[in-house]
Amino acid sequence: MTNAKRISAGQRFMASDLTVGSARSVGQWEVTQTFEGGDGLAYARIANTLDRSRVKTLAEGALLDRHLFRRVD
């Protein structure tokens with residue numbers, strides 16, 4: 001994976017089917033940790049910015065899939 005496609009802590013994403021306005025009410029997802037799983041794949045743990053108790057772990061490939069998520073600048 002090239003550096004341009006690397007995920008790092010602090011980056012924010014939102015579901016690709018949401019608009020920017022709805023992200024304010026639903027919340028964005030912020031990368032809190034990246035790690036390599038036992039299967040050798042890269043993973044990212046993300047937390048909702050409005051409710052930090054909502055945490056997900058995704059393969060980095062899923063987070064980079066434009067059909068699923070888009071990066072919020």
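Definitions and cut-offs
Residues numbered from 1 in each chain as written. Predicted model: local features only at pLDDT ≥ 70, side-chain atom pairs only at ≥ 80, totals over all residues. Heavy atoms only, no water. Pairing = 2+ DSSP bridges. Helix = DSSP H or I, 4+ residues; strand = E, 2+ residues; numbered from the N terminus. Axes fitted to C-alpha atoms, helices over the stretch in contact; angles between N-to-C directions. Salt bridge = Lys/Arg side-chain N within 4 Å of Asp/Glu carboxyl O.

> Mind showing me how you'd approach the sheet that holds strand β1 (residues 12-15) here?
Strand pairing in a sheet is mediated by backbone hydrogen bonds. Such pairs are either parallel or antiparallel. Pairing is antiparallel across the open sheet formed by five strands, whose spatial order is β4-β3-β2-β1-β5. The open sheet has two edge strands with one neighbour each: β4 (55-59) and β5 (69-72). The average undirected angle you get between the axes of adjacent strands in this sheet is 40°. Two elements, strand β3 (residues 42-48) and β4, share five bridges in a ladder whose sense is antiparallel. Bridge pairing in β4 places Ile46 opposite Lys56.

> So what exactly am I meant to see when it comes to the pattern of salt bridges here?
Proximity of charged atoms lets side chains of opposite charge pair with each other. Inspection of the entire model under this criterion finds three salt bridges. For the salt bridge of Arg6 with Glu60, the shortest nitrogen-to-oxygen distance reads 3.9 Å. One end of the pair, Arg6, is in the segment before β1; the other, Glu60, is in helix α2 (residues 60-64), with 54 residues separating them in the sequence. Glu30 serves as the salt-bridge partner of Arg52, at 3.6 Å between the closest nitrogen and oxygen. Of this pair, Arg52 sits in the loop between β3 and β4 while Glu30 sits in strand β2 (residues 29-36), and the two are 22 residues apart along the sequence. Residues participating in the shared-partner salt-bridge network are Arg12, Glu30 and Arg52.

Read these as geometric descriptors, not functional statements.
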